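One letter stands for each residue in the lines below.
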Amino acid sequence: ATAQIGVTGLAVMGRNLARNLARHGHRVAVHNRSPERTHSLVAEHGDEGTFVPSESLADFVASLERPRAVIVMVKAGGPTDAVIDELVPLLEAGDIVIDCGNAHFADTQRRETALRERGLHFVGTGVSGGEEGALLGPSIMPGGSEEAYRKLGPIFESIAAQVDGVPCCVHIGPGGAGHFVKMVHNGIEYADMQLIAEAYDLLRERLGATPAEIGDIFAEWNSGDLESFLIEITADVLRHVDDRTGKAFVDVVEDQAEQKGTGRWTVQSALDLGVPITGIAEATFARSLSGHPEQRAAAHRAFADTTGVTPAGDVDRDAFVEDVRRALYASKIVAYAQGFDQIKAGSEEYGWGVDPAALATIWRGGCIIRARFLNRIREAYDSDPDLPTLLVAPYFAEGVAQSVASWRRIVGYATQAGVPAPAFASSLAYFDGLRRDRLPAALIQGLRDNFGAHTYRRVDAEGSFHIQWAGDRKESPA
Ligand code: 6PG
C-alpha cells in the first residue's frame, strides 16, 4: 500500500481532482470502471506526480495506506450508491469514503449514518469551480466527522484555491452539511445567472446595444462592486462571435436553460424549511419557463399584438446602464442574503453548527459564485454572527439604500416595456416585504379564521382567538 488517497470515477472532474492531488505531492490511487480512462490519465499526465493505477476496485483499495481515504467522483444518485456498495465490503473500520459529487444532502445523511454503523467515515463534500477549479484549485466544502477532517483537511486545503494565503476549504459540519451548503451555493449560482441574464436582456431591449457592446458594459462592471467570476465570464460569452455564422454567439444558442437539479433541490428544501428564497426560486422557474417552447410559441402568437406596452421614450444611455448596474447589485445582495438565511435555517434544523463567516471565506475563491463582496459577507457575520439578515449589515444596507431608486426604475421600466425580469422584481418585492412595518398577512389570518376557524393572534393581547363569524361575531379565546 503506497497511495495516500484514491479517486474512483475518472470523468473530467475526477480526473482533474486526481491531477490536482498529484501535483501537490500526494500519491494518488486512481481507478475507473472502464480502465481506459485510468490508463489515459497516467499516460497523459503521469509526469505531474505519483499516480498508482488499478484496474479492479479490490486492487485500488489494496493500494491505499490505512486509514484509507477514497474519493468517489461519479454521478449523483444511483451510480454513487452502486460504487459505495461495491466499495464498503473492501474497507476496514476507520476508513473514509468521500463523495465529491453534487449529491442531495439527504442522501449524504443517509449514507453517512449507514457507513458510521459499519465503523466507516463518510464525508459528503461539495466541490465547486467546474473543470478548471478541480484542476487548479476549487472551493471545497467537506461535511462528515471531525475525525475524518483531521486526516482530510490538510490534503484538501493543499489543493483548494487560496485567497490572501487562506485556503478555500473548511470543515462545514457533520453529516450532510457539506452537500447542503454546496446545494445552496448552486441555488445562489442560479439566481446570480438569472439576474445577469435579465440585466443583459434589459440593456439590449432598451439601448438596442449589441451583445458585444453589452459584454463591454459587463467588463466595466467587473472593476467595481459587482466584481465576480460570473460577471467576468458574462463579458467573455457576450463578446464571443460564432465561427459558423459570424453572428453573436448568444444569438445562435437555443434559448432554453437546462438544469441538473441542484437549484430545484434548493427551492424544495427552502419550502420545507420555510425560508423565502424568492430570487433563487424565480431563477429556477425562469429556467423551467424557458424550457416550454410550445407554450411560448402559442403565447407569442396569441399576444404578439396585445402587449399593452407603454412606449418608453428617449433614453439616457449612461443613466440607464447605471440603473441596471445598481438593480443588479441590490438583487444580488438579496440572493446572497436569502441563501445565507437558508444555510442558517438548515444548520439549525439539522444541528450542524455551520459558521456563515467561515463559509463566506471559502467562497471567496475557487467556486462559481466567487465575488469581491464575499469579503464583506464574511465581515458582516464576523462582527455579528446573529445578524437577522445580510441586508441590514451596514455595508449592504448602505449599498441597497444607494441602489433602491434605480432598482424601482428598472423594475418599473421592465413592467411597462413588457421585458420579463422576474428575479429583479421578486427581489425588490422581497426587500419591500421585509422592511414594511405591517403586512397584509393580518388579513390572511382574518380570512383563515373566517372560513376555517384557524384562529389568530392579536397585537395587544396574549393567546389565540376566534370569532363566531356566522353567529354572534363575538371574539373568544381559542
Ligand atoms: C460548481 C457548479 C457545478 C455545476 C452546476 C451546473 O459549483 O462548480 O455549480 O456543480 O456545473 O451545478 O448546474 P446546472 O446544470 O443545474 O446548471
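Bear in mind that the values here come from a model prediction, so they are computed numbers and not experimental data.

Participant: So, helix α18 (residues 422-435): which residues are in play, and what are the values?
Facilitator: If you check α18, its first and last C-alpha atoms are 20 Å apart, about what 14 residues at 1.5 Å a residue would give, namely 20 Å. Looking at the packing, one finds that the buried side of α18 touches α8 (177-207), α12 (278-290), α14 (317-350) and α17 (394-417).

Participant: Account for the layout of surface pockets, with residues named and values stated.
Facilitator: The rolling of a water-molecule-sized probe over the atoms marks out the regions of remaining empty space. Considered as a void within the structure, the second largest pocket measures approximately 430 Å³ in volume. Lining of the second largest pocket is provided by 17 residues; of these, G9, N32, R33, V74 and V83 occupy positions nearest its centre. With four residues, helix α4 (residues 78-87) is the single largest residue contributor to the lining of the second largest pocket. When the residues that make up the lining of the second largest pocket are grouped by side-chain class, the tally is eight nonpolar, five polar and four charged.

Participant: Describe the nonpolar core, listing the residues and the values that go with them.
Facilitator: Within soluble globular proteins, side chains that are nonpolar tend to cluster in buried spots. Membership of the largest hydrophobic core comes to 91 residues, with the highest contact counts inside it found for F218, W221 and W363. The next biggest cluster of nonpolar side chains, apart from the first, holds 29 residues, and it includes V7, A22, A134 and I155.

Participant: So what's going on with the packing of α8 against helix α11 (residues 262-273)? Which residues, and what values?
Facilitator: It is the contact of α8 with α11, at a shortest axis distance of 8 Å, that shows an interaxial angle of 110 degrees. In this view, α8 runs roughly perpendicular relative to α11, as classed from their interaxial angle. Of α11, the residues touching α8 (which contributes F180, M183, V184, N186, G187 and Y190) are T262, G263, W265, T266, S269 and L273. Class assignment of the residues belonging to the contact of α8 with α11 gives a composition of six nonpolar, six polar and no charged.

Participant: Could you give me a rundown of helix α5 (residues 105-117), with the residues and numbers involved?
Facilitator: Taking 1.5 Å of rise per residue, the 13 residues of α5 would be expected to cover 18 Å, and the 18 Å separating its terminal C-alpha atoms lies within 8% of that figure. When α5 is considered as a whole, its buried residues turn out to be F105, T108, R111, E112 and L115. What you see down the axis of α5 is that its buried residues fit within an arc of 115 degrees, all on one side. Packing partners of the buried residues in α5 comprise α4, β5 (96-99), β6 (121-128), α8, α11 and α14. Positioned one or two residues after α5, G119 has a phi angle of 80 degrees, which is positive.

Participant: So, empty space enclosed by the protein: which residues are in play, and what are the values?
Facilitator: Enumeration according to the criterion identifies one cavity of 30 Å³ or more in this entry. In this structure, the largest cavity spans a volume of roughly 50 Å³. Around the largest cavity sit F340, I343, K344, V354, P356 and Y381, which together line it. Looking at which element gives the most residues to the lining of the largest cavity, the answer is α14, with three residues. A breakdown of the residues in the lining of the largest cavity according to their chemical character gives five nonpolar, no polar and one charged.

Participant: Please provide a residue-by-residue account of the sheet that holds strand β4 (residues 69-72), values included.
Facilitator: Here we have seven strands laid out as an open sheet, ordered β3-β2-β1-β4-β5-β6-β7, and mixed in their pairing. Among the strands making up the open sheet, the edge pair consists of β3 (51-53) and β7 (139-142). Sheet twist, expressed as the average angle between the axes of neighbouring strands with direction ignored, equals 25 degrees. Sheet analysis places strand β2 (residues 28-31) next to β3, joined by three bridges and oriented parallel. Across the sheet, V28 pairs through a bridge with F51, a residue of β3.

Conventions and cut-offs
- Counting restarts for each chain: residues are numbered from 1 in the order of the written sequence.
- With the structure being a predicted model, the display of local features is reserved for residues of pLDDT at least 70 and the display and counting of side-chain atom pairs for 80 or more, all residues being used for whole-chain, interface and lining totals.
- Note that water and hydrogens are dropped before the side-chain values are worked out from all heavy atoms of the structure.
- The secondary structure listing takes helices from DSSP runs of H or I that are at least 4 residues long and strands from runs of E that are at least 2 residues long, numbered from the N terminus.
- To estimate the expected span of a helix, subtract one from its residue number and multiply by 1.5 Å.
- Note on contacts: a residue pair qualifies if any of its non-hydrogen atoms lie within 4.5 Å across the two residues.
- Points on a 1 Å grid over protein atoms alone make up a cavity when a 1.4 Å probe fits among them but cannot get out, and a pocket when they form an open set with protein on both sides within 12 Å along at least five of seven lines; lining residues each have an atom within 4 Å of a point.
- Grid points are joined across faces, edges and corners, and a volume is the space filled by probe spheres set on the points.
- We call Asp, Glu, Lys and Arg charged. Ala, Val, Leu, Ile, Met, Phe, Trp, Tyr, Cys and Pro are nonpolar, and the rest, Gly among them, are polar.
- Joining through side-chain atoms within 4.5 Å is the link that ties buried Ala, Val, Leu, Ile, Met, Phe, Trp, Tyr and Cys residues into a set, and such a set is a nonpolar core.
- Buried, partly exposed and exposed residues are distinguished by accessible area as a fraction of the type maximum, computed with a 1.4 Å probe on protein chains only: under 20%, between the cut-offs, and over 50%, respectively.
- A fitted line through C-alpha atoms represents every axis, and for helices the fit uses only the stretch in contact; the resulting angles, taken between N-to-C directions, go from 0 to 180 degrees.
- Angles below 35 degrees are treated as roughly parallel, those above 145 as roughly antiparallel, those between 65 and 115 as roughly perpendicular, and all remaining angles as oblique.
- The directions from the helix axis to the C-beta atoms form the arc being described.
- Paired strands, as defined in this entry, are two strands with at least two bridges between them according to DSSP.

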